[in-house]
Amino acid sequence: MKRHNAGELPLSSAPAGDGRRVAEKEEEAEDKMDKYDKGRIRCSRLCFLLALAATISILARHCYDAGLGRGGNAGVVRIEAAHAPPPPSVRQERKIVPIARRESSVSDRSPSAPADAVDDASWKPSASESARSDDGDKSPPKEKGSPSASHGNKYGGHPFARALAAADNKDDLCGGQYIHVQDLPARFNKDMVQSCDRLSPWTDMCRYTTNGGFGPLLRGGKGAFQGTGTGWYDTDEHALDIIFHERIKRYECLTDDPALAAAVFVPFYAGLDVARHLWGNNVSARDELALDLAGLLAKRPEWRAMGGRDHFFVAGRTTWDFRRKADGQSEWGSKLLNLPAAKNMTALVVEASPWHLNDVAIPYPTAFHPASDEDLFFWQDRVRALNRTYLFSFAGMARPGHAKSIEGHLVDQCKASPVCSLMECSTTGPDNKCESPATVMKLFQSSTFCLLPRGGTDTRRPAFDAVLAGCIPVFFHPSSAYVQYSWFLPKSHTEYSVYIPEEDVRKNASVEERLRKVSPEMVRTMRDTVVGLIPSVTYSDATSRLETTVKDAFDIAVAAVINKVTKLRRGIAEGRPEEEKQERYSWKYPLLAEGQKPDDPHEWDPLFN
């Protein structure tokens, strides 16, 4: 049978002879077909335009996510939560998805800055900068993709406006937490590690620079580390420069954009640098890298944004190794912390000065670096349940050549008491038991109280070993902890420690009698507080942890630096005058209660005059 096309079929079945009606219907049908064809063409064009718009939108979103967009989040690290948790037996890093970063110099992403570098310790915002109102903001409008788009006029034309706006952005998981890491030449960090055999004239530092500064792994056995897994390392107390830098590399909220950063980290291994020259007579060698760094930073646009007051660095030694006043060959240390540039930055050291404001004390690294929260919780439960044989213990040695030292008195008292366990230290060497993490930990785990006097310096790593062992610290001078680690320890020192003044010990006051007066109920309360402090004085191993529910010493230090910088920036943006602090009272500021003034009398005033 013949098949017909649609155009060949009759349009109607009109009766024969009615030609006019047939013609009218044919004309009407042709009009309908013409309208149908035109509508179909218009529909096709509309669909094409919609498809084109969708394609452009998808491409634009793809470019933005790839870091090519012009918005404020280009070049940052974005965190995405994993939809399905990994099996317990599998250890992997937190899921971090880095966005592709532009290969460009620091300067093309930096905020606008004055032409001249600012490296003066007395840097302050100009009057016009502090007083600039929202109505007076003449800066160009923000792009829609910028995190500060909705806050365009809130922070005026300040170079840190985008960083503050990011902190206000509740949709940004890293808002207000971004860290920018300065790109420094290798001589300021990496080269020192590669030349580890020249870092110390007496110690083989090459073994301590392994495992990201943790040092050689210590295996758990029948001793102090029994059943604790692989979180123990033979860590050198001066390896903090490397440890902190390695943690910064894995920080979840890094950014290549300095204008977005809440703070800027300077990866200068100041502690390792100065240790190479401390016992030499070449003063110029001690200062060489410090002076180079100051000159290099001052030329950077991100430095000029605030004169370096949003920058921080780590120096894993005491502050006195960096505060040389004179240039005599016999003078100790470098003059890093006395340089104008360093006075603007925040220096994180293991012992700060009670009379200066540009350094902050953070804990010495101990031997414990847990790889997971479970390892940390297991250790806390373990030390909380220990049966402690001795009332108190002491690891130290008499220092007859040090007039201020009370260690000789404590050695004598410990020897005379049946409830004291003594470990007499020797000079540095393989026979020095006090250099063995396992031996020290075993001593402190056997005691209720641990005696922690000042030694060669005001602070000592054993203070943190004692906390790690769940042993209640006994301090004899406030500069050993109370005026040092205010970011990490409770403000009220009686919550976690016992204080016996040095002068009382020199007058032959009995340490044993003082400690016996502490009630069993108070001992339990203090020990619970001490055990609770373990995470805050520990530098965790972030290379393999599955998740984190507690903050360690690194987390606390970074958060405190960011809070310090953000508070300063908000004050500038809101036109509030900055609080003027006198350096001679720097030890007292963390101790002040509501309404107290630094010049108000304090029982420790004679100790810091």
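As a convention, each chain's residues are numbered from 1 in the sequence order in which they are written. Predicted model: local features are reported for residues with pLDDT of at least 70 only, side-chain atom pairs are reported and counted for 80 or more only, and whole-chain, interface and lining totals are derived from all residues. The side-chain values count all of the structure's non-hydrogen atoms but skip hydrogen atoms and water molecules.

Caption draft 1: Structural view of the packing of helix α3 (residues 161–168) against helix α17 (residues 553–573). For every element, the axis is a line fit to its C-alpha atoms; helices are fit only across the contacting stretch, and the angle between N-to-C directions ranges from 0 to 180 degrees. Put simply, DSSP marks the helices as runs of H or I at least four residues long and the strands as runs of E at least two long, and each gets a number from the N terminus on. Interhelical geometry of α3 versus α17 gives an angle of 110° and a closest axis separation of 11 Å. Accordingly, the angle class assigned to the pair α3 and α17 is roughly perpendicular. Handedness of the α3/α17 crossing: left-handed. When α3 is examined against α17, the residues A163, L164, A167 and D168 are found in contact with a partner set consisting of T566, R569, R570 and A573. Each residue receives one of three labels: charged for Asp, Glu, Lys and Arg, nonpolar for Ala, Val, Leu, Ile, Met, Phe, Trp, Tyr, Cys and Pro, and polar for the others, Gly being one of them. Residue classes in the contact of α3 with α17 are distributed as four nonpolar, one polar and three charged. Note on angle classes: values under 35 degrees are labelled roughly parallel, values over 145 roughly antiparallel, values of 65 to 115 roughly perpendicular, and the remainder oblique. Throughout, a crossing is termed right-handed when the near helix is turned clockwise from the far one, and left-handed when it is turned anticlockwise from it by less than a right angle. Working rule for contacts: check all heavy atoms of both residues, and any pair within 4.5 Å makes them a contact.

Caption draft 2: Molecular detail of the packing of helix α10 (residues 373–384) against helix α16 (residues 520–532). It is the contact of α10 with α16, at a shortest axis distance of 10 Å, that shows an interaxial angle of 160°. Overall, the two elements α10 and α16 adopt an arrangement that is roughly antiparallel. Where α10 crosses over α16, the handedness of that crossing is right-handed. In this structure, α10 contributes Q380, V383 and R384 to the contact, and α16 contributes R527, D528, V531 and G532. The residue inventory of the contact of α10 with α16, partitioned by class, reads two nonpolar, two polar and three charged.

Caption draft 3: Representation of the state of the cysteines in the model. Two cysteine sulfurs form a disulfide in these notes if their separation is within 2.5 Å. According to the stated counting rule, one finds five disulfides in the structure shown. One disulfide bridge connects C174 with C253, the sulfur atoms lying 2.1 Å from each other. Measuring handedness by torsion sign, the sulfur bridge of C174 and C253 sits at about -70° and is left-handed. Taken as a pair, C174 in the loop between α3 and β3 (179–181) and C253 in the loop between α5 (240–249) and β4 (263–265) lie far apart in primary sequence, 79 residues in all. Working definition: with a 1.4 Å probe on protein chains only, accessible area under 20% of the residue-type maximum means buried, over 50% means exposed, and in between means partly exposed. A relative accessible area of 4% means that C253 is categorised as buried. Taking only the cysteines that form disulfides and numbering them from first to last, the protein chain has the pattern 1-4, 2-3, 5-6, 7-8, 9-10.

Caption draft 4: Looking closely at the nonpolar core. Counting 131 residues, the largest nonpolar core has I179, F244, F268, L336 and F449 as the members making the most contacts within it. Each domain's extent is set by a domain assignment, obtained either automatically or from a database. A domain split of this core shows at least three residues from each of domain 1 (179–365 + 555–578) and domain 2 (386–534). When near neighbours in sequence (up to four residues on either side) are disregarded, F449 contacts L391, F392, S393, C471, I472, V474, V498, L515, V518 and V523. Core analysis: the second largest hydrophobic core is formed by eight residues, Y155, A161, L164 and M306 among them. Residues grouped as a nonpolar core are buried Ala, Val, Leu, Ile, Met, Phe, Trp, Tyr and Cys residues, joined through side-chain atoms within 4.5 Å.

Caption draft 5: Quick peek at the pattern of salt bridges. Think of a salt bridge as a Lys or Arg side-chain nitrogen and an Asp or Glu carboxyl oxygen that are within 4 Å of each other. Tallying each qualifying case throughout the model produces 29 salt bridges. The residue D310 makes a salt bridge to R569 at a minimum N-O spacing of 2.9 Å. Residue D310 is located in the loop between α8 (301–304) and β5 (311–318), and its partner R569 is located in helix α17; the two are separated by 259 residues in the primary sequence. On the accessibility criterion, D310 (3% relative accessible area) is buried.

Caption draft 6: Up close: unusual backbone geometry. Unusually for a residue other than glycine, N211 sits at a positive phi of about 55°. With respect to the element layout, N211 can be found in the loop between α4 (190–194) and α5. Of the residues examined, N211 reaches a relative accessible area of 46% and is grouped as partly exposed. Positioned with a positive phi, N508 is a non-glycine residue whose angle comes to about 70°.

Caption draft 7: Here's a closer look at the sheet that holds strand β6 (residues 346–351). Paired strands, as defined in this entry, are two strands with at least two bridges between them according to DSSP. In spatial order, the strands read β3-β4-β5-β6-β7; together these five strands make up an open sheet with parallel pairing. Of all strands in the sheet, those bounded by a partner on one side alone are β3 and β7 (359–361). Mean inter-strand twist for the sheet, computed between neighbouring axes without regard to direction, equals 35°. Across five bridges, β5 lies against β6 in parallel orientation. Across the sheet, F313 pairs through a bridge with A347, a residue of β6. Across the sheet, α5 lies against β3, β4, β5 and β6, angled at about 145° from β5, the strand it touches most.

Caption draft 8: Spotlight on α10. In this model α10 runs 17 Å from its N-terminal to its C-terminal C-alpha over twelve residues, within 8% of the 16 Å that 1.5 Å per residue would give. Of the residues making up α10, those classed as buried are D373, L376, W379, Q380, R382 and V383. Against α12 (437–445), α13 (462–468) and α16 lie the buried residues of α10. To estimate the expected span of a helix, count its residues, drop one, and scale the result by 1.5 Å.

Caption draft 9: Broad picture of the pairing of β5. Of all eight residues making up β5, eight are buried, and the element is well covered by its neighbours. Where β4 lies against β5, two bridges are found, and the strand directions are parallel. Paired with F265 across the bridge in β5 is F312.

Caption draft 10: Structural detail: the sheet that holds strand β10 (residues 447–452). Across the sheet, five strands lie side by side as β9-β8-β10-β11-β12; this open sheet has parallel pairing. Each end of this open sheet is capped by a strand with a single partner; those strands are β9 (420–424) and β12 (498–499). Bridging between strand β8 (residues 390–396) and β10 involves three bridges; their strand directions are parallel. Counterpart to S393 in the pairing with β10 is C450. In the packing of helix α11 (residues 407–416) onto the sheet, contacts are made with β8, β9 and β10, and the angle to β9 comes to roughly 130°.

Caption draft 11: Region of interest: the side chain of H238. Within the fold, H238 resides in the loop between α4 and α5. At 3.3 Å, the side chain of H238 and the side chain of E237 are in polar contact. If we skip the residues at most four places from it in the chain, H238 touches L272, G316 and R317. Contacts described as polar in this section are N or O atom pairs within 3.5 Å, which, within protein, must combine one atom able to donate a hydrogen with one able to accept it, while residues neighboring in sequence count only if both atoms come from side chains.

Caption draft 12: Here's a closer look at helix α7 (residues 283–298). With 16 residues, α7 should reach 22 Å at 1.5 Å per residue; the first-to-last C-alpha distance of 23 Å fits that figure. The sharpest bend along α7 reaches about 30° and sits at L289. When we look at burial in α7, the residues that qualify are V283, A285, R286, D287, L289, A290, L293, A294, L296, L297 and A298. Contacts made by the buried residues of α7 are with α4, α6 (270–275), α8 and α9 (340–344). Taking the backbone nitrogen of S284 as reference, a side-chain oxygen 3.2 Å away marks N282 as the first, capping residue of α7. Given a residue, its bend is the angle between the two axes fitted to the seven residues that end at it and to the seven that start from it.

Caption draft 13: The side chain of S417, seen in detail. When you line up the elements, S417 lands in the loop between α11 and β9. On the accessibility criterion, S417 (8% relative accessible area) is buried. Excluding residues that lie within four positions of it along the chain, S417 makes contacts with F392 and E512.

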